[in-house]
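# Structural overview for review
Residues per chain are reported as follows:
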Amino acid sequence: IWEESIKIIKEKISQQNFETWIRPLKVASIENNHASLSVPNKFFKDWLTENYREVISEAVSSSTGKEVLVDFVIMQDSEKNPRSAASPARKKKTVEVQPQETRRPKVHPTLNPNYSFERFVVGSSNQFAHAASVAVAEQPAKNYNPLFIYGGVGLGKTHLLNAIGLLSMSIYPDMNVVYVSAEEFMNELILSIRFDKMPQFREKFRNIDCLLMDDIQFIAGKERTQEEFFHTFNTLHDSGKQIVVTSDKFPKDIPNLEGRLRSRFEWGLIADIQPPEIETKIAILEKKAQENNILIPTNVAYYISSHAESNIRELEGFLVRIAAYSSVTGRIIDLDLVKEVLKDIIKQRDNDGVTFEEILKAVSAKCNLKISDIKSQSKNKNIALARQMTMYLARKLTGSSFPDIGEKIGGRDHSTVIYANNKIRKQLETDSKLKTLLQDIEDQLLKKN
Ligand code: ADP
Ligand code: MG
């Protein structure tokens, strides 16, 4: 069955991913509708669960002809390659004692214990948001209420939000802390309406001491949810409870957000997280490596950090890949190994040697506009043109997909990117000024590399 499944999987994913992730798997057991596959380590397990579980389940299901659930178990040491670099060859460093974990062994149902302040690396890009978060956790509802944290995808908003909850609970064990994403809030609301449970819903959300609401931009355009959140907000705020929200946009750039909510968000403190500089990326990488007992030489950390875009989630993904590859092949992590593992990803980018961030920067400089304006919802003619130019150049120079570009330029729909691309192309046929301008930017971007 596994042989059969492997063939199916092989056709669905790239050769390199297949060799890295699927080849090392061994069948631990297959029975009825449950298959267990053994993997070399926890890193590997997490990565597979997140990225390949469905592909594998589908393949096993179709080769057995019935629905099969797949899970992963970690191999015993004896099954592993003895030279494995990611296995704890180094003596484990004494783990920092984390107060909330020792004093409160009880696991909070909605907080992620890994997202603590101890594990958050502070650099100039996130220093302000970090300081505000610590202040709020130490003295809830005292200084900044609400605290509004905004920043791009994968820059640490959810991590900070959780850290606030963890620290608050370690200082005030009786505090009722609730972490909820705006999407979960909406889903719960819908269920409560449908099953006549609104009193319970209100009871729950209006008796919180510290409400941590993630990804508030999600409620944009959802009127009933905004209405309910508005009342929740007022009740909590009036009774001196702390509210923290995160968003991928600045309040005034969230489209279709009611004015009264927007103004509430502006009552407190608005703190941004910017993309990290290379030093912070290296520090984060080294910390994650250390936490997972992986030895990363500095030149390697530098190489990875300078090739990862500013997204920290991506940086972590690279590390997982590298560690897994090293553990499977039994090779130590050095520059050669890293180049080999990341070659596909980096080649795509190096083709033109230009990243989205660089394009954005170049366009904003040339047009004398702020990057935040280009990413904003503003309909101002100059800004809109600069935005379309950015999308056009991103498509042309990085070859990224339309949805990817849309995501990066302030969370826009892929159809907006396609539209921008066509519009600029059309305009280029007649508008020689635009043509020169774009050519200038392009030359400048390519020369730099
Ligand atoms: P966001 O919610 O902004 O999309 P997350 O908080 O989910 O981003 O962060 C993505 C990943 O990057 C998480 O695994 C998180 O632990 C990690 N991360 C982000 N910022 C930092 C940081 N400053 N130090 C350590 N890890 C970080
Ligand atoms: Mg998040």
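Residues numbered from 1 in each chain as written. Chains lettered and ligands numbered in written order. Predicted model: local features only at pLDDT ≥ 70, side-chain atom pairs only at ≥ 80, totals over all residues. Heavy atoms only, no water.

The condition is simple: UniProt positions are given in the numbering used here, feature names are shortened, and annotations may be inferred rather than shown by experiment.
Per an unreviewed UniProt entry, the protein goes by Chromosomal replication initiator protein DnaA and derives from Syntrophus gentianae. For the protein, the Subcellular location (unreviewed entry) comment in UniProt is given as "Cytoplasm".

## Observations regarding the pairing of strand β4 (residues 147-151)
Just so we agree on the cut-off: The buried label goes to any residue with under 20% of its type's maximum accessible area, the exposed label to any with over 50%, and the partly exposed label to all in between, with areas taken from a 1.4 Å probe on protein chains only. We count a stretch as a helix when DSSP gives it H or I for four or more residues in a row; a strand needs E for two or more, and each element gets its number in order from the N terminus. Strand pairing is assigned whenever DSSP identifies at least 2 bridges connecting the two strands.
Of all 5 residues in β4, 4 are buried; the element is thus mostly enclosed. For β4 and strand β7 (residues 242-247), the ladder comprises 4 bridges, and the chain directions are parallel. Residue pairing for β7: Leu147 is matched across the bridge by Val244. In terms of strand pairing, β4 meets strand β8 (residues 269-273) through 5 bridges, oriented parallel.

## Topic: the site of ligand 1
Rule in force here: Proximity criterion: a residue is near a molecule or strand once any of its heavy atoms comes within 4 Å of it. Polar contact is defined as a pair of N or O atoms within 3.5 Å, subject to the rule that within protein one atom must be able to donate a hydrogen and the other to accept it, and that residues adjacent in sequence are counted only when both atoms are side-chain atoms. Here the Shrake-Rupley method, with its probe set to 1.4 Å, supplies the accessible areas, and only the displayed protein chains count as covering residues. Gly falls in the polar group here, along with every residue not listed as nonpolar (Ala, Val, Leu, Ile, Met, Phe, Trp, Tyr, Cys, Pro) or charged (Asp, Glu, Lys, Arg).
Close contacts around ligand 1 come from 18 residues, with Val121, Gly154, Thr158, His159 and Glu316 the closest. Between a nitrogen atom of ligand 1 and a side-chain N or O atom of Asn126, the distance comes to 3.3 Å. Here an oxygen atom of ligand 1 sits 3.1 Å away from a polar atom, N or O, in the main chain of Gly156. Protein chains shield 95% of the accessible area of ligand 1, which is 560 Å² for the free molecule. Looking at the shell around ligand 1, the elements with two or more residues in it are α7 (157-171), α12 (278-291) and α14 (312-329). Considered class by class, the residues forming the shell around ligand 1 number 7 nonpolar, 6 polar and 5 charged.

## Regarding the packing of aromatic side chains
Ring pairs (aromatic) are described by centroid distance and by the angle formed between their planes. This is how the line gets drawn: Any pair of Phe, Tyr and Trp rings, taking the six-membered ring for Trp, is counted once the centres come within 6.5 Å. Such a pair is stacked with planes under 30 degrees apart, edge-to-face with planes over 60 apart, and tilted for the rest. Whether a charge sits over a ring depends on NZ of Lys or CZ of Arg being within 6 Å of the ring centre and within 35 degrees of the ring normal.
Using the criterion set out here, one finds 11 aromatic pairs in the structure. On the basis of an interplanar angle of 70° and a centroid distance of 6.4 Å, the ring pair of Phe233 and Phe265 is categorised as edge-to-face. Taken as a pair, Phe233 in helix α10 (residues 223-238) and Phe265 in helix α11 (residues 259-265) lie far apart in primary sequence, 32 residues in all. Taken together, Phe148, Phe185, Phe201, Phe205, Phe229, Phe233, Phe265 and Trp267 form an aromatic cluster joined through their ring pairs. Its end group placed over the ring of Phe230, Arg260 keeps NZ or CZ at 3.9 Å from the ring centre.

## Thoughts on the packing of helix α6 (residues 127-138) against α7
When two helices pack together, their arrangement is given by the angle between their axes and by how far apart the axes lie. Put simply, the rule reads: Only the stretch in contact is used when a helix axis is fitted, and all axes are lines through C-alpha atoms; the angle between N-to-C directions ranges over 0 to 180 degrees. Comment on the angle field: the value is read as roughly parallel under 35 degrees, roughly antiparallel over 145, roughly perpendicular from 65 to 115, and oblique elsewhere. With the far helix as reference, a near helix turned anticlockwise by less than a right angle produces a left-handed crossing, and one turned clockwise produces a right-handed crossing. Whether two residues touch is decided by their heavy atoms; if any such pair falls within 4.5 Å, the residues are in contact.
Here α6 crosses α7 at 30°, and the two axes come no closer than 8 Å. As the angle between them shows, α6 and α7 are arranged roughly parallel. In terms of crossing hand, the pair formed by α6 and α7 is right-handed. Across the interface between the two elements, Ala129, His130, Ser133, Val136, Ala137 and Glu138 of α6 pack against Leu160, Ile164, Leu167, Ser168 and Ile171 of α7. Here the residues of the contact of α6 with α7 sort into 7 nonpolar, 3 polar and 1 charged.

## Side note on the sheet that holds strand β2 (residues 34-39)
Strand order in the open sheet made by the 3 strands is β1-β2-β3, with mixed pairing throughout. Both edges of this open sheet fall to β1 (26-31) and β3 (69-74), since each of them pairs with a single strand only. The sheet shows a mean angle of 20° between the axes of neighbouring strands, direction not considered. Where β2 meets β3, 6 bridges bridge the pair, whose relative direction is parallel. When the bridges of β3 are listed, Ser36 appears paired with Asp71. Sheet strands in contact with helix α4 (residues 53-64) are β2 and β3, and its direction is about 120° off that of β3.

## What to know about the confidence of the model for the protein
Note the following rule: Residue-level confidence of the predictor is what pLDDT reports, using numbers from 0 through 100.
Predicted confidence across the protein gives a mean pLDDT of 86, with 91% of residues reaching 70 or more. Within the protein, the element-level pLDDT minimum falls on helix α5 (residues 99-103), averaging 44, and the maximum on β7, averaging 98. Ignoring residues within four places in sequence, the model shows residues 81-105, a span with pLDDT below 50, making 39 contacts including any to other chains.

## Brief notes about unusual backbone geometry
Of note, the amide linkage connecting Asn145 to Pro146 takes the cis form, showing an omega dihedral of 0°. Even without being glycine, Asp196 reaches a positive phi, approximately 55°. Residue Asp196 is classed as exposed on the basis of its relative accessible area, which comes to 70%. Positive phi is not limited to glycine here, since Asn256 has a value of about 50°.

## A short note on the side chain of Gln226
When you line up the elements, Gln226 lands in helix α10. A polar contact of 2.9 Å, which involves the side chain of Gln226, links it to the backbone oxygen of Asn256. The residues touching Gln226, leaving out its near neighbours within four places in the chain, are Ile219, Ala220, Gly221, Asn256, Leu257, Glu258 and Leu261.

## Brief notes about the pattern of salt bridges
Applied cut-off: A pairing counts as a salt bridge when a side-chain nitrogen of Lys or Arg comes within 4 Å of a carboxyl oxygen of Asp or Glu.
Considering all chains together, one arrives at 14 salt bridges under this definition. Taking the shortest distance from any N to any O, the salt bridge between Glu58 and Lys12 comes out at 3.4 Å. On the criterion of sequence distance, the pair formed by Glu58 in helix α4 and Lys12 in helix α1 (residues 2-12) is long-range, its members being 46 residues apart. Among the salt bridges present, the one from Glu228 reaches Arg224, with a minimum N-O distance of 3.4 Å. Taken together, the residues span about one helical turn, with Glu228 and Arg224 both in helix α10 at a distance of 4 residues. Residue classification places Arg224 among the partly exposed residues on the basis of a relative accessible area of 38%.

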